[in-house]
Structure formats: C-alpha cells, structure tokens
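Overview (structure and organization)
Below are the chains, spelled out letter by letter.
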2 protein chains.
Amino acid sequence: MAHRETQQRRPSIHDVASRAGVSAATVSKVLAGVTTVKPENAQRVFDAVDLLGYRVDPLASDMRRAKRRIIGAIMPEFESEFFGQMVSELEGLAEQRGFTLVAASSRESEAREKEILARMHDWRVAGIVLAPVRNEHGPAAGFMKANGMTGVLIDRVLADDAFDTVSADSAAASAEVARALVGKGHRHILVVGLGQQAATVRARLEGFRATALQLVPDIRIDVVLAESEVEPLRTLLSDYFSEGASRGERPTAVYSLFLKGTLVALSEFRRRGWHCPDDISLVGFDDAEWMQVTWPAIAAVVQPVREIASNAMDVLFRRIEGEGGPPRARLEPCKVLMRESVGSPGSGPHLGGGSRQ
Amino acid sequence: MAHRETQQRRPSIHDVASRAGVSAATVSKVLAGVTTVKPENAQRVFDAVDLLGYRVDPLASDMRRAKRRIIGAIMPEFESEFFGQMVSELEGLAEQRGFTLVAASSRESEAREKEILARMHDWRVAGIVLAPVRNEHGPAAGFMKANGMTGVLIDRVLADDAFDTVSADSAAASAEVARALVGKGHRHILVVGLGQQAATVRARLEGFRATALQLVPDIRIDVVLAESEVEPLRTLLSDYFSEGASRGERPTAVYSLFLKGTLVALSEFRRRGWHCPDDISLVGFDDAEWMQVTWPAIAAVVQPVREIASNAMDVLFRRIEGEGGPPRARLEPCKVLMRESVGSPGSGPHLGGGSRQ
DNA sequence: GTGAAAGCGCTAACAG
DNA sequence: CTGTTAGCGCTTTCAC
C-alpha cells in the first residue's frame, strides 16, 4: 500500500523493529540516542521509522520508566487574563523541557482543588504548579505534603514551610500605589478586597496602609472586605457609599486589591453616576488589556506573569531533579501603571456626583 | 506504622490484592463494580483499599484497555474570556464522563497547532476539540483526517466534510446587529475584521451586509480587514479614518467582527478624541465582563459558550462511541446586547470630533 | 553491538 | 466465583 489509509492501530516499536530487521530493544536505543549501535542498523531503524510514521507513545514510555513527564497546573479559574497568560506560559515552559502540561481549574473551590490534585496524583505527575484558591494553608497543600508530591505554590501565597512559593511583590506594589495616591493629594482612601485570600490581601493592604500612614499620619483608610464571593462585595460597597453619603463624606480614591473588585467598583461608580477621575480616583491590582482603551484608562498594578511562571518552573524542575534544601519564597516586582483614572481630589468638575443614570 | 510517612511508591493493585488475600484480577473486578464477587471478598478488598489509600492508576488502566480516557482541546489562545470559559466548560464536561481534558494553546499559529495535534495523537487521546486558528481547511484538520482521529471543530468554522462542527450563528447575530444599527439611523458603517478567519468573517460580514442592504439599498458599508495580525489592523484603521477625514467623511458606526478589533477600534477612538456614542457608535462581536462597567458600556454579541461546548462534547462522545453518519454542522444562536456605545448618528454634542488627547 | 527477558500497573479472556 | 495467563507499548538490565 502506498499510503496507509486511515489506520486504526498505530505502528508500535515492534513493527519498526521487524521492518528494520532488529529487535525492539535496539530500536529503543537508537531512538534514545545511544551511540553504541552499529551505524548501519541505526540507519535501518530511522528508515523504518520514516516509512511507518512511527512515534513513541510517551505514556507507555513513562509507564515503564515509572516517571511521568507530566506537570499539573491548578488555577482558580481560566477566565481572566492573568491566569490565562499564566497557563500559556507554564505550558510553553513545560514543553521546552519535554513535559506536557495538564491544566485544571479549581473554579475558586477548595474542595474541587483537592479533588483535582488527587486526580493528578493518580496520574503520577512529576510536579505541580498550584495557584491555591485561598492561601498556602488550604487542604490542597496539605494533601501534597501528606503524599510527598513535589510542587510549587504561586500567586495567592507568601511563603510556606513545605513548598517553594513564587508570587508578585504585592506589598511593594501597594506601597507604590500609596505613594502615588498620597502624592496626588488623597487623604481619604477606600481599599476593597477579598478576605479569603488572607496572605495576599494582608500583604497588599498592609503594604498600602503602612506607607500611606507613614507619609500622612492622619490619613483615613477605610477597608471593605468580602469573605470569598464577589457578589456580596457589590452590596457591601454600595452600603459603604450610601452610609458615607448620609454623613456627607466619601473617599476620594479607591484601591482595589483584585481584578473583580475593580470591576465592582467601576460598576458602582456607574450606578452612582460618578466619573473617574473627576469624582473619584481608582487603581486596581491586576492589569487587563481593556484598561488602556477605555475612557478613562484605568490605573493598574501589572503582575509579572512571565517571571512568576518561569521562576516557578525553574524551582519546580530543580526539585523534580532532586535538589534539596529548605523551601524558598520568591517575590517578583510588579509594575504600577498610573493611568487616567487617577487624579487629584477636588479638581474635577463633577464634585458631588453626577446625575446620569 | 500508623501513618505511612511521605511514601515514595504508591500502593499498586498487587499490594491491595495481597492485603486482601485475593488476586489482582479480583481487586480489579471489585473496583470495576462487577457484582459476581463474593461479598465477603469484596469487603476485604474495600478494606485493603481504604487501609492502603489505594487508587487505580488511570494511565496504566487505559494502557491495558488500549483506549485512553483523555480528550484533547486545542484553542488559539488562553488569554481571552471566550476561550477561557470554553476550556473551563469543556473540562467540566469531559470530567462528567470520566475523561480528563488536556488543553493546549496553539498561540494563533497553524504550525504550532499541528505540532500539538501530533503530540496529542502520540498520547492516543480518544478525541479532539479543535478551535482552529484559521478555519476548517488548515493543516491540523488535514492531519486529523489523515490519521483517522476523531474530533470536533469549533468556533472559527462553518462546516466540514470530515468533521462535525459547532459554532456560533455569526450570520444571524450580524443580521441582528445590522437591523439595530440601521434602525438607529446609521447609513455609513465600517466593519473591521481579520481576513484569515475566512469562514467566520465571511459569515459575519455577509450576514451583516445582506441585511443592511436589504433594509437600506443605498447604505454605505466599508470594510477594513487585516490578514492575520492585530497590529496591522491598528494602522489600517488609522489610515482609513485619516483618509476619510481628508475627504470630510466618516462612518457613524463601527462593527468589529472580533474582540481584539473592538479594542483596536476603542483605542483609535481614544487617539482621535472621539466618544461613544456621541461621535461614533460601536458594536463588537464577543462580549467581555468589562464591557458592562465601562462608560459607555460597549454593545456586544455574546457567543453561547456553554451551548457550543456542550454540543461539541455531545457529538464528540457520540463519535467516540462509534456513531456513524455524515458530519453535522451546528450553529448556536448568539445574544446581541445593545448597550450605550450605540446611539443615533448626529445626535451627539461632540459631532466633528473632540479635542481631548 | 545486540536481543531475550522482565516488568511498569493494570485488565480481559479463560479456565477451573 | 476466582485466579492464572497474557499482554497494552515501552525501556532496561544482562547475558551473549
């Protein structure tokens, strides 16, 4: 047959072996690049491989070697730019080392997170990159610990006593945001966040608060935290502003500690007819492509996705290769993009709020 | 030992077998739910499983059955909400049927798309959900055909003679957009798109054009298409508007056929100081969360991600289970969200363009 | 240099 | 009802 028609069974190493007139073991050696094979035979193997279109089955190969070239990645979600980019980066990095990345979304659920992890353990993945839903003390990290899995924790973590961690330097970035807002003259600022991400929120909040208070000791910083869901935050925020209004006071700037918070804040501003930066200023942690094309462009903290991904993979592979030593906590610096949504208080034409619905 | 400390080798089916005093085959049967096992033995197996914390190795299991419970998904990118949601949906659907989804990003490259596909073939995945970079005639689809892989094509495809396809009903949605814009009084409309996505662009463009022309025979519809990259589109769009300006003419509305085009359009409007909808109206194919919180909110066509995902998986699994018959092309209806970015021409205060940079 | 044999962890006949 | 046997596709001693 000239061209094998829609074949059902792919050629196995034995097919190659018999076509090349050698044993399967020899084929395996040739393909593994062992040089002690007679050149003539090696050539026959290569010819047979070409002829049959043979490719090794990586899973069967891994099976025998009892070491699977698979890296598992668990993200809280796939829908945001941040985690989308992260998965994309991790995929490329794994590939470069001959590994396949299997990504899964925990959908912001710790229960699901653990289930996925168990499934990845069943798959005998070589290592895990885990971006926990909550923080480093969740059940997933516990499971990894208990089962001796090798892994790295990223994003919503600061440090851990069992795993290496890599995340953005939230505190430094928040300090920079504080300097910028204070510099613009803001003296009453609202910070919004999600309480369940304890470590990160604390770092971001404290980094901000410490710096702001240091610059202006009597600055007023309000905090609105929802526990774990975004919807309640909407209500909390609305209540917060309504209450303030009844006392005739309101912050001149909002700093959101996470992307969805930025969206909720914008949405609330819309509802009240407030415009940035005239009526209120806004900075959000996490950048997104759209933030630079809207009017006004939204100021944001850009997380160093590539750096986080590449450091995470580096340390993960070092651990996979058996490197010992205590876990290390890495922080990668962020960039702060001060865009049009930030202005000086009291300088806008709309002070007091607009009336457009 | 009370609790096995950080174990290196997971228990195998043989460990369970010997602990339970039965053979590995029996363990396998019990775990597969075969009912012809003596209850007493079954119980001993369950006990041993619990004691050892045993879980079957799905890859080893698949190996033996020569059928892998893995579905491959290939998306052009992971960074956008649309594909992020898509992967998330597909993951859940695969999981429901006891399969694992392995997702990969072709990064808008047909070459990479084919490489990934080959790798998935090496993995002997049971089926593929492919969202091609370009359209159904790319090298990836050819590879799948040539190798007798079973798969479904989604998103940037209309129909294929070898594979089932599922996509959004772009033409109908575009017709609806046309009706809306014409109804608002627009008589000069610009459509922007990406040429390489031939099938989809044609459907969206023609669906729009045909309806608009039918309603207003002498309506003017300009088209700006970049071949495959987004950056050139920026230049093309800028040139288009500059040229029009030199002749004192300009469309009153823009319909972008894809998400990045909407961003490019917004960015260009910013550059020129044009505001929506006063200076120009905008509708984009593909919705995003931010579009409803910006000022103005951006009108968009919402693709039925869940429906596409679930239909794709349905038909894919039917094919995996051996269902025959000719390939079917499915179109799922979209929703059109007419938001504030669309107004009537000539009614805005800024006509002629603003001056804010 | 090379191939036979063993076996990764599992399941599907097929006897008993 | 249960265990033995025979692999899935591959790699790795280890004799020859």
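All values reported here derive from a predicted model rather than from experimental measurement. (Residues numbered from 1 in each chain as written. Chains lettered and ligands numbered in written order. Predicted model: local features only at pLDDT ≥ 70, side-chain atom pairs only at ≥ 80, totals over all residues. Heavy atoms only, no water.)

**Points about the packing of helix α6 (residues 110-122) of chain A against helix α7 (residues 139-146) of chain A**
Residue and element names in this part refer to chain A. Across the interface, α6 lies against α7 with an axial gap of 8 Å and an inter-helix angle of 25°. Overall, the two elements α6 and α7 adopt an arrangement that is roughly parallel. Judged by the sense of rotation from one axis to the other, the crossing of α6 with α7 is right-handed. Contacts between α6 and α7 involve E110, E113, K114, L117, A118 and H121 on the former and, on the latter, P139, A140, F143 and M144. Counted by class, the contact of α6 with α7 contains 6 nonpolar, 1 polar and 3 charged residues. (Axes fitted to C-alpha atoms, helices over the stretch in contact; angles between N-to-C directions. Helix = DSSP H or I, 4+ residues; strand = E, 2+ residues; numbered from the N terminus. Parallel < 35°, antiparallel > 145°, perpendicular 65-115°, else oblique. Left-handed = near helix turned anticlockwise from the far one by under 90°. Contact = heavy atoms within 4.5 Å. Nonpolar A, V, L, I, M, F, W, Y, C, P; charged D, E, K, R; others polar.)

**Quick look at the pattern of salt bridges**
Residues and elements named next belong to chain A. One pass over the full model with this rule turns up 59 salt bridges over all chains. A salt bridge links R319 to D164; its shortest N-O distance comes to 2.7 Å. Separated by 155 residues along the polypeptide, R319 in helix α12 (residues 305-320) and D164 in strand β5 (residues 164-168) bring together distant segments of the chain. The two residues R319 and D164 agree in class, both being buried. (Salt bridge = Lys/Arg side-chain N within 4 Å of Asp/Glu carboxyl O. Buried < 20%, exposed > 50% of the residue type's maximum accessible area, 1.4 Å probe, protein only.)

**Considerations on the UniProt feature "domain: HTH lacI-type" (unreviewed entry) in chain A**
In the numbering used here, UniProt assigns the "domain: HTH lacI-type" (unreviewed entry) feature to residues 11-65 of chain A. With 71% helix and 0% strand, the stretch residues 11-65 of chain A has end C-alpha atoms that lie 21 Å from each other. (UniProt positions renumbered as here; feature names shortened; annotations may be inferred.)

**Focus: the environment of D47 of chain A**
Residues and elements named next belong to chain A. Its place among the elements puts D47 in helix α3 (residues 39-52). A relative accessible area of 42% means that D47 is categorised as partly exposed. Considering only alpha carbons, one finds D47 and A141, 94 residues apart in sequence, at a separation of 48 Å.

**Observations concerning the protein's contact with DNA strand C**
Surrounding DNA strand C, one finds 26 residues, the nearest of these being N41 and R64 of chain A together with I13, Y54 and R64 of chain B. Of what DNA strand C places within 4 Å of the protein, 62% of the atoms are sugar or phosphate. The separation between a base oxygen of DNA strand C and a polar main-chain atom of R64 of chain A is 3.1 Å. With respect to DNA strand C, the backbone of D57 of chain B contributes an N or O atom lying 3.1 Å from a phosphate oxygen. Among the elements that line the surface near DNA strand C, the one with the most residues is helix α4 (residues 58-65) of chain B, at 5 residues. Residues of the surface near DNA strand C, tallied by class, amount to 10 nonpolar, 8 polar and 8 charged. (Near = heavy atom within 4 Å. Polar contact = N/O pair within 3.5 Å; in protein donor to acceptor, adjacent residues only side chain to side chain.)

**Digging into the sheet that holds strand β9 (residues 281-285) of chain A**
Two orientations exist for strands paired in a sheet by backbone hydrogen bonds: parallel and antiparallel. Residue and element names in this part refer to chain A. Read from one edge to the other, the open sheet built from 6 strands follows the order β7-β6-β8-β9-β10-β12, with strand pairing classed as mixed. In this open sheet, the two edge strands, each paired with only one partner strand, are β7 (220-226) and β12 (335-337). Each strand of the sheet is rotated relative to its neighbour by a mean of 15°, with strand direction disregarded. Here strand β6 (residues 188-194) pairs with strand β8 (residues 253-256) via 4 bridges, running parallel. Within the sheet, the bridge partner assigned to L190 lies in β8 and is V254. The strands that helix α9 (residues 198-215) touches are β6, β7, β8 and β9; relative to β7, the one it contacts most, it runs at about 170°. Running over the sheet, helix α10 (residues 230-246) touches β6, β7 and β8 and is turned about 150° from β7. (Pairing = 2+ DSSP bridges.)

**Some points on the nonpolar core**
Counting 108 residues, the largest nonpolar core has I71 and M75 of chain A together with I71 and M75 of chain B as the members making the most contacts within it. Beyond its immediate sequence surroundings of up to four residues, I71 of chain A is in contact with A94, F99, T100, L101, V102, A126, G127, V129, M313, L316, F317 and I320 of chain A. By size, the runner-up hydrophobic cluster in this structure holds 54 residues, among which are W274 of chain A together with L233, V254 and W274 of chain B. (Core = buried A, V, L, I, M, F, W, Y, C linked by side-chain atoms within 4.5 Å.)

**Things to note about the protein's contact with DNA strand D**
Surrounding DNA strand D, one finds 25 residues, the nearest of these being I13, Y54 and R64 of chain A together with N41 and R64 of chain B. Taken together, the sugar and phosphate atoms account for 62% of what DNA strand D places within 4 Å of the protein. I13 of chain A is positioned with one of its backbone polar atoms (N or O) 2.5 Å from a phosphate oxygen of DNA strand D. Secondary structure elements with two or more residues in the surface near DNA strand D: α1 (13-20), α2 (24-32) and α4 (58-65) of chain A together with α2 (24-32) and α4 of chain B. Looking at the surface near DNA strand D, its residues break down into 10 nonpolar, 8 polar and 7 charged.

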